[in-house]
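Overview (structure and organization)
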Amino acid sequence: MEYEFRYSEENAKGLIEMWKGDDCLARMTYSRLDPNNIIVDHTAVDPKAKGTGAGKRIVMEMVEWARKNHQKVLPICPFAKAIIEKHPETHDILRK
């Protein structure tokens, strides 16, 4: 499945969206603490994409984005936190 990820950030609030064609399948919001630290506060998956792995895919995209952009992440979103906790290979992005 081909996804397009769109990123936006304004006034210390950020959004990552996962699109397939004209459908936004998932979105994740975050707040910026400082230039190198974000708090992931919400992940939402469109009901028609539930059970497809879309939620996990957007979390893993955020992990890759954080690595590329030298960000540390504090996941307070229960879903994102659970995915990260289940995957020790993602723990390098966690804010200590």
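Please refer to the structure higher up on the page.
First things first, this report covers the structure right here in the doc. (Residues numbered from 1 in each chain as written. Predicted model: local features only at pLDDT ≥ 70, side-chain atom pairs only at ≥ 80, totals over all residues. Heavy atoms only, no water.)

This part is about unusual backbone geometry. The phi torsion at Asn11 lies on the positive side, around 50°, for a residue other than glycine. Looking at where Asn11 falls in the secondary structure, it is placed in the loop between strand S1 (4-10) and strand S2 (13-20). Taking the relative accessible area as the measure of exposure, Asn11 reaches 68% and is therefore exposed. (Helix = DSSP H or I, 4+ residues; strand = E, 2+ residues; numbered from the N terminus. Buried < 20%, exposed > 50% of the residue type's maximum accessible area, 1.4 Å probe, protein only.)

What follows deals with the sheet that holds S2. What the 5 strands build is an open sheet, ordered S1-S2-S3-S4-S5; its pairing is mixed. Looking at strand neighbours, the two that pair on one side only are S1 and strand S5 (72-75), the edges of this open sheet. Each strand of the sheet is rotated relative to its neighbour by a mean of 25°, with strand direction disregarded. Against the sheet, helix H1 (residues 54-68) engages S1, S2, strand S3 (23-34), strand S4 (37-45) and S5, with an angle of about 40° to S3. (Pairing = 2+ DSSP bridges. Axes fitted to C-alpha atoms, helices over the stretch in contact; angles between N-to-C directions. Contact = heavy atoms within 4.5 Å.)

Successive side chains on a regular strand alternate, one facing one side of the sheet and the next facing the other. Relative to S3, S2 is paired through 8 bridges, and the arrangement is antiparallel. Bridge pairing links Lys20 to Asp23 in S3. Remark: 2 residues form the turn of the hairpin made by S2 and S3, two consecutive strands paired antiparallel; Gly21 in that turn has positive phi of roughly 65°. Here S3 runs beside S4; their pairing, made up of 8 bridges, is antiparallel. Directly across from Tyr30, in S4, lies its bridge partner Val40.

This part covers the side chain of Glu17. Structurally, the position occupied by Glu17 is in strand S2. One polar contact links Glu17 to Trp19, side chain to side chain, over a distance of 3.3 Å. Only 2.9 Å separates the side chain of Glu17 from the side chain of Arg27, close enough to count as a polar contact. In this view, Glu17 contacts Glu4, Phe5, Arg6, Cys24, Ala26, Arg27 and Ile58; residues no more than four positions away in its chain are not counted. (Polar contact = N/O pair within 3.5 Å; in protein donor to acceptor, adjacent residues only side chain to side chain.)

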